[in-house]
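Working through the structure, step by step
In case you want the letters, here they are:
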Amino acid sequence: MSGAHKSFLERTARQRIADLLDAGSFAEILPPAERHFSPHLPVLGQPVAFDDGIVIGSGLLSGAKVLIAAQEPAFMGGSVGEIHGAKLTGILERAVEQRPAAVLLLLDTGGVRLHEANAGLIAISEIQRAVFEVRHAGIPVIVMIGGSNGCYGGIGIVAKCCDHMIISEEGRLSVSGPEVIEAAKGVEEFDARDRALVWRTMGGKHRYLMGDADLIVPDDIAAFRDAAVSLLGASRPLTLESVTQEHAALKNRMQRFSDCADATQIWQALGVADAKNVPLAEIPEFLEMSAHVRREEHA
C-alpha cells in the first residue's frame, strides 16, 4: 500500500478493492465481459450495468486469502436487484466451500432496487441466509461502510447480521433512509434535507457510540485495510445465547433513550463529555472522547 491518502468515499467499487487488497491479487468472478445484468431493467427502459452494480471475487489481504464483494455506488445508488443479489449470495456460499480467512463486504447502497422490488426483496433474504451459513462455519464476515449512499434498507439489516463492522465518519447505517422517514412521518419528525441531523442520527460516529460498529476509521482506504487485517480470523459465535443477549441490549436501548429527542442527548446520557462537539471532532480526538463509553457500555 502506498502511503498516500486515498479516500474510500470517492472511489469506485473496483478502485476500493484494488487499493484494499494486496497489489495484483484480485481475481474477479463474473466480470462485465460476461454480461450478467438485470433482465428487468431493459423491459422498463432503464440502462444496465454489465456487472449489475456489484464486483465480486477473491484476493489476498496481508497474505491471507479473502473473498470480497463491493457495491458500485454510481450505478442506481448501489441498489440490490436479482442479479446483484445473486452475485452477493454466491460469493458468500463460495466462502463455505473455500473457507477463506474472511469475507469482506464493501456496502454502499440505498437498499432494494425499486424497479425489481420483489426480486430484490427475495435477494435480501437469500443474502441474509448465506451470511448466517458463513458465520456458522466460523468464517468472519466483515462489513465496511464509508460510501456516498450509506447502507440502508434490507442490506442495512444484513450488515448488522455480520461478525464485524468497520465504518468511517462519512458512513451511514439505518434500515430506513432519511427521505423514507420524512415521507412516512413528515418533515416535523425528520427533515431529510438537514445533513447534520442525518449524520447525527445515522452516521459513523453515532453508530460507533451505540456499539453498532466495531471500529471507526478516517476516510482512508489504508485505514480500512488495517482495520480489516486486525479482524482476520476473528469470528463471533452465532448462538441462541448471543442473539438473546443482543435482543436484550436492544430492548434496554429503547427504554433508556426513549425520551431523547436528538442524538446529542443520547451521547450525553452515555457520558460523552462535550457531546455537542462530537460532530466536529477528528477521529483521533473522537476516539479519546468515546473510549470510556466503549469500555463501559460495549465491553
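Since the structure is predicted, the reported quantities are computational estimates derived from the model, not experimental observations. (Residues numbered from 1 in each chain as written. Predicted model: local features only at pLDDT ≥ 70, side-chain atom pairs only at ≥ 80, totals over all residues. Heavy atoms only, no water.)

A few points about the sheet that holds strand β7 (residues 215–217)
The 7 strands are arranged β1-β2-β3-β4-β5-β6-β7 in an open sheet whose pairing can be described as mixed. The outermost strands of the open sheet, each flanked by one partner alone, are β1 (27–29) and β7. Along the sheet, successive strands turn relative to each other by an average axial angle of 25°, direction set aside. (Pairing = 2+ DSSP bridges. Helix = DSSP H or I, 4+ residues; strand = E, 2+ residues; numbered from the N terminus. Axes fitted to C-alpha atoms, helices over the stretch in contact; angles between N-to-C directions.)

A few points about helix α1 (residues 13–20)
Among all positions in α1, only Ala-13, Arg-16, Ile-17, Asp-19 and Leu-20 are buried. On its buried face, α1 is in contact with β2 (54–61), β3 (64–71), β4 (102–107), β5 (141–145) and α8 (221–231). (Buried < 20%, exposed > 50% of the residue type's maximum accessible area, 1.4 Å probe, protein only. Contact = heavy atoms within 4.5 Å.)

Topic: the pairing of strand β6 (residues 164–168)
Burial analysis of β6 places 5 of its 5 residues in the buried class, which makes it a mostly covered element. Across 4 bridges, the pairing between β5 and β6 is parallel. Looking across to β6, one finds that Ile-142 is bridged to His-164. Pairing analysis gives 3 bridges linking β6 to β7, with the strands arranged parallel. Across the sheet, the residue bridging to Ile-166 is Leu-215, located in β7.

Observations regarding the packing of helix α3 (residues 117–136) against helix α4 (residues 153–160)
Axis separation between α3 and α4 bottoms out at 10 Å; the angle between their running directions is 5°. The angle between the axes of α3 and α4 places the two elements in the roughly parallel class. When α3 is examined against α4, the residues Ile-124, Ile-127, Gln-128 and Val-131 are found in contact with a partner set consisting of Gly-154, Ile-155, Ile-157 and Val-158. When the residues that make up the contact of α3 with α4 are grouped by side-chain class, the tally is 6 nonpolar, 2 polar and no charged. (Parallel < 35°, antiparallel > 145°, perpendicular 65-115°, else oblique. Nonpolar A, V, L, I, M, F, W, Y, C, P; charged D, E, K, R; others polar.)

Brief notes about the side chain of Ser-38
Positionally, Ser-38 belongs in the loop between β1 and β2. With relative accessibility at 0%, the residue Ser-38 sits in the buried group. In this structure the side chain of Ser-38 is engaged in a polar contact, spanning 3.1 Å, whose partner is the backbone nitrogen of His-40. Dropping the residues within four chain positions of it, Ser-38 is found in contact with Val-48, Asp-52, Ile-83, Arg-113 and Glu-116. (Polar contact = N/O pair within 3.5 Å; in protein donor to acceptor, adjacent residues only side chain to side chain.)

What about the side chain of Arg-207?
In this structure, Arg-207 sits in helix α7 (residues 204–209). Leave out the neighbours within four places in its chain, and Arg-207 touches Ile-167, Leu-173, Ser-174, Thr-201, Met-202, Asp-212, Ala-213 and Arg-253.

As for the environment of Arg-294
The topology assignment puts Arg-294 in helix α11 (residues 283–297). With a relative accessible area of 17%, Arg-294 lands in the buried category. Along the backbone, Arg-294 and Met-210 are 84 residues apart, and their C-alpha atoms lie at a distance of 8.6 Å. Here Asp-214 takes part through its backbone oxygen, which lies 3.2 Å from a polar atom of the side chain of Arg-294.

Re a nonpolar patch on the surface
Taken together, the side chains of Phe-132, Leu-238 and Val-243 define a hydrophobic patch exposed on the protein surface, amounting to about 200 Å² of accessible area. If you trace the backbone, Phe-132 turns up in helix α3. A relative accessible area of 30% places Phe-132 in the partly exposed class. (Patch = residues over 30% accessible without salt bridge, like charges linked within 9 Å, V, L, I, M, F, W, Y side chains within 5 Å. Areas by Shrake-Rupley, 256 points an atom, 1.4 Å probe, with all protein chains shown as cover. Salt bridge = Lys/Arg side-chain N within 4 Å of Asp/Glu carboxyl O.)

Overview of the nonpolar core
Within soluble globular proteins, side chains that are nonpolar generally end up buried alongside one another. Counting 51 residues, the largest nonpolar core has Leu-105, Ile-155 and Val-272 as its most contacted members. At 6 residues, the largest contribution of residues to this core is made by α3. Other than its neighbours up to four places away in sequence, Leu-105 contacts Ala-69, Leu-88, Val-141, Ile-142, Val-143, Met-144 and Cys-162. By size, the runner-up hydrophobic cluster in this structure holds 23 residues, among which are Phe-8, Ile-17, Leu-106 and Phe-224. (Core = buried A, V, L, I, M, F, W, Y, C linked by side-chain atoms within 4.5 Å.)

Observations concerning the pattern of salt bridges
When the charged atoms of two side chains lie near each other, side chains of opposite charge can form a pair. A complete count under the given rule lists 18 salt bridges for this structure. The partner of Arg-14 in a salt bridge is Glu-28, with the nearest N and O atoms 2.8 Å apart. Taken together, the residues span a long stretch of sequence, with Arg-14 in helix α1 and Glu-28 in strand β1 at a distance of 14 residues. On the basis of relative accessibility, which here comes to 33%, the residue Arg-14 falls in the partly exposed class. Residue Glu-28 is classed as partly exposed on the basis of its relative accessible area of 25%. Across the pair Arg-113 and Glu-116 runs a salt bridge whose closest N-O atoms are separated by 2.9 Å. You can call Glu-116 buried: its relative accessible area is 5%. One continuous salt-bridge network, built from bridges that share partners, spans Lys-160, Arg-207, Asp-212 and Arg-253.

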